[in-house]
Amino acid sequence: MSMERVDIAFEVNGAAVSVCVPPVRRLSSVLRDELRLTGTKIGCDAGDCGACTVLVDGEPVCACLMSVASAAGTVVTTVEGLANGRLSALQASFLDHGAAQCGICTPGLLIAATALLDREPNPSETEVQDALGGVLCRCTGYRKIVAAVMDAGRFASELSTDGIAPHPPAGTFSPYSDGEKDEAPALASPSPRLSRGEGKGEGQHQLQRLDLDLDRRMPISGHAVGSSPIRLDGLPKVTGGEKFGGDSFPADALAVLVVRSPHHHARFAFGDLDAWVKTRPGIVGVFTAADIPGKNSFGVIAPFADQPALAEGYSRFRGEAVALVAGEREAILDLDLSDFPVRWTELPYLLQPCEAQAGGAQLIHENRPANLLTTGFVERGDPEAALSGAAFVVSGAIDTSYVEHAYIEPEAGHAYMDGDTLVVVACTQAPYMDRDDVAKVLGLAVDKVRIVPTATGGGFGSKLDVSLQPLIGLVAMKTGRPAALAYTRNESMISTTKRHPAEMKATIGADADGRVTGMVFAGDFNTGAYASWGPTVANRVPVHASGPYATPNYRAEGRAIHTNGPISGAFRGFGVPQATIMQETLYDELSEKLGLDRLDFRLKNCLRNGSETVTGQRLEAGVGIAECLEALRPHWTRALADAEKFNSANDSRKRGVGVASCWYGCGNTSLPNPSTIRVGISATGDVVLHQGAVDIGQGSNTVIAQICADALGLPLEKFRLKSADTAITPDAGKTSASRQTFVTGKAAEKAGGALREIMLRFANVSEKAAIALDGTSLVIREGEATRHIDLSTLKADADGFVFRAEESYDPPTLPLDAKGQGKPYAVYGYGAQIAELEVDLKLGTVKLIKITAAHDVGKAINPLLAEGQIEGGIAQGIGMALMEEYIPGRTENLHDYLIPTIGDVPPIETILIEVPDPEGPFGAKGLGEHVLIPTAPAILNAIRHATGVLVTKIPATPSRIRAAIRDKEAGR
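Note that the structure is predicted; figures quoted are calculated from it, not measured. (Residues numbered from 1 in each chain as written. Predicted model: local features only at pLDDT ≥ 70, side-chain atom pairs only at ≥ 80, totals over all residues. Heavy atoms only, no water.)

## A few points about the packing of helix α12 (residues 431-442) against helix α13 (residues 469-479)
How two helices sit against one another is set out by the angle between their axes and by the gap between those axes. Between α12 and α13, the least distance of the axes is 10 Å, while the angle of their chain directions is 50°. When the axis of α12 is compared with that of α13, the two are oblique. The handedness of the crossing between α12 and α13 is right-handed. Where α12 abuts α13, its residues Asp 434, Val 438, Val 441 and Leu 442 lie against Gln 469, Pro 470, Gly 473, Leu 474 and Met 477. Considering only residue class, the contact of α12 with α13 consists of six nonpolar, two polar and one charged. (Axes fitted to C-alpha atoms, helices over the stretch in contact; angles between N-to-C directions. Helix = DSSP H or I, 4+ residues; strand = E, 2+ residues; numbered from the N terminus. Parallel < 35°, antiparallel > 145°, perpendicular 65-115°, else oblique. Left-handed = near helix turned anticlockwise from the far one by under 90°. Contact = heavy atoms within 4.5 Å. Nonpolar A, V, L, I, M, F, W, Y, C, P; charged D, E, K, R; others polar.)

Right under this line is the structure:
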């Protein structure tokens, strides 16, 4: 029975409103669904993430915890109401500091910070942390958020009273593509900040008023590369205008619920579904695997694809989807699924690789003997002989846990039929991969599926796999109506991929001079019920397990093993963070045996130009790990001295310092990895960049435009972006493996250069000529001569271009042979980090003091965004090292699953190292994955330095640290 509705009146953003809704409905839902103020985000509906924070009578509250009845008569302010015709000082400061990355948590942070600044205009860092402690961010690492809030007072003093900027600081951004337009909110702030073009093919954000020049970071030279302009998609992130997966559901869309398995392994059968539907008003239908018209199997790596969109008779993991219920929104809101007609028979299950590999263990997939998905292998030289002849040898074993991606935006999207084409509008990291899998599952031709990515509120790898896309597509196809679905936090956590748990062993040997002579590594990676990215992890780990060090004799094996646990997939590093923990902690032990300084030992053994890797690849140029380690030396010396001084004066607490390095191959491992970019000049004098690389917060919308701008020779503010859409943008590949700046950036460099050449040829001038755009006039200068070409008189093509270029780039790699020898990557990135911390020896608690990070980016295309990536990756590394452990059935929400808060991330000093790689655009290398890799081993090495014990089950929780200390004290 539907709950009775009542009229409830309150004020929102300066306007009186009245809604007729059930009084217990969440205020967050009313703001979003009734008033269309979607700047208020839903991340958990439990008060854990703070994304829905609004001001109620001036005080910050979680709108998901407040009933709308409780808001009666109050004054509510959402992020849309922070600006009164112009950006607030705080919003401007967020843009300037790069404090918004994906942007999903930004509204909540802005609201909480506004309340703080209203009572304390010049807060301390501690006051900022206290005020914002209830809002979680997974991208930024919080440091730039803290700086932005503390600096907001300066922006307030700089704001003019009448400054007007008719366009964004640099360029404009189209977050949607042709045919996808914003729905105007029923209630807008008194002075709307943003308008969106509603014509077909428009849709770019246009800044109406901005009383502050935020473009001052552009260098005098005019070059975009190397500068840090305000990110091109930054404005909607700070105003609430950004549209994420759940922000633009059609008003007439059917709501969809997913019925999921409550068991790790079970057989199931349905009862009378038709009868169940008939007795529930507003429920349109139930859909099962029997309704799927295509091949009910998807997967990111085609030869291993094995996951059904809806399970057929058996569920292999807790949370697997077995049926869909579609109905009117109000009916779905009131629906109780406790009597849904499905019968479960729980079956024996295997959760650990050792169980799955035991003799006689049942097979999770009949075609995979011993539950082994696949194996990766690299061998070079004679490691056994090297280890037997080594002067010093160390061995160890380390286990890591499931890690949840914990992006603040749960999966969300909607689907509809556009004629005979299925359109899916959803958050994703890989639109073209989504298109192919949806087409296969639903039995459609590829050109009859269109994927339109929304803004993506964090991904980190998990949004590479399809989740709800085929499900909402199925409902839209079967009913002919739009279908919308937003996962709950619990749904997201139980059904989507995790970082692979690893059980690793390794032995490393060195000669008397401290040179590493050999290494053997073996790792079992729990890939869960289905393949996902298990093959990539198994193959990438053996290539990287040596670390960025010369290792002449080497054997490494990575095995992906099926269990009935959660599906393990891609997560920032594809298994390399786990392997690096094993290798770097052994390096500390080995340097101690050698009597060498730990930093010096790494410098002695690190790869350099001319070195050969464990796959036999000769690195001719661009190897920057030595430069990273050298840059850390003064910080290392200071930190060790500080620790020694502290420890001599304290008994119950000890300070430790740890160091660790990383390297990471950018892009796919020995596989094709192309990106294509299209850029053109319109008759109106715009540079239109079809940029299909999905920006999940890392900044590809801005960085790739910067690269293209300099290659073309035109300023960034002339660019207008067309973002990813399988109908209109070329395939720029998936956003993963730190490939977009390198691979898509290289394609953008080529496309910009090609367009420039076309224009110069048209004008019959040399490559030394300078070009400019003045309205519809192309101005070309060479020497003393100046020529004006009226673009409006030239014939435009179907895309509206009078000049155009389209270029592709695929990194030159070579396959790995049976022993893993070959050229798996064209470009590697490098980095090293120092962790300083204190350990309470009685409690086992860890207090981080500082992290210093030196990363070789080749060329910092946008230094501010690079710093933000480093800080965000470090925060995730902190979580992996100290607190994050996903346990099925126990930590399936953001209350029980702990991620770092604003108070958990210490000061971070970033050192950008630029050792150009000739293959990268302007010498640039990838960065996104690399930055997380050294953090956990540096922290573990620092704990060992402080306590004398190494925690071998990660995360190093207080109980595990304390247990290790007790074992040491007992002589065990």
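So that's the structure; there's more coming.
## Section: the sheet that holds strand β36 (residues 908-913)
One key point about sheets: their strands pair by backbone hydrogen bonds, in either a parallel or an antiparallel sense. Strands sit in the order β26-β34-β35-β36 across an open sheet of four strands; the sheet is mixed. What marks the edges here is a single partner per strand, and that holds for β26 (653-665) and β36. Pairwise comparison of adjacent strand axes, ignoring direction, gives a mean angle of 15° for this sheet. Here strand β35 (residues 846-856) pairs with β36 via six bridges, running parallel. Within β36, the residue paired with Asp 856 across the bridge is Ile 913. Sheet contacts for helix α18 (residues 625-649): β26, β34 (828-840), β35 and β36; angle to β26, the most-contacted strand, approximately 170°. Packing of helix α22 (residues 935-947) onto the sheet brings it into contact with β26, β34 and β35, and relative to β26 it is tilted by some 155°. (Pairing = 2+ DSSP bridges.)

## Here's the deal with empty space enclosed by the protein
Taken as a whole and judged by the stated rule, the model has 10 cavities of 30 Å³ or more. Around the largest cavity, the lining is made up of 38 residues, and of these Gln 698, Ser 738, Gln 869, Leu 927 and Gly 928 lie nearest the centre. Elements supplying a minimum of two residues to the lining of the largest cavity: α19 (700-712), α20 (740-763) and α21 (863-882). Residue composition of the lining of the largest cavity, by class: 15 nonpolar, 18 polar and five charged. The space that makes up the second largest cavity amounts to roughly 240 Å³. Taken together, 23 residues make up the lining of the second largest cavity; nearest its centre are Phe 298, Gln 307, Val 466, Ser 467 and Ser 495. (1 Å grid on protein atoms, 1.4 Å probe; cavity = no way out; pocket = protein on both sides within 12 Å on 5 of 7 lines; lining within 4 Å. Points joined across faces, edges and corners; volume = space filled by probe spheres on them.)

## Digging into α13
Burial analysis of α13 places eight of its 11 residues in the buried class, the great majority of the element. Of all the residues in α13, the buried ones are Gln 469, Pro 470, Leu 471, Ile 472, Gly 473, Leu 474, Val 475 and Ala 476. Backbone geometry just after α13 places Gly 480 at a positive phi near 75°. (Buried < 20%, exposed > 50% of the residue type's maximum accessible area, 1.4 Å probe, protein only.)

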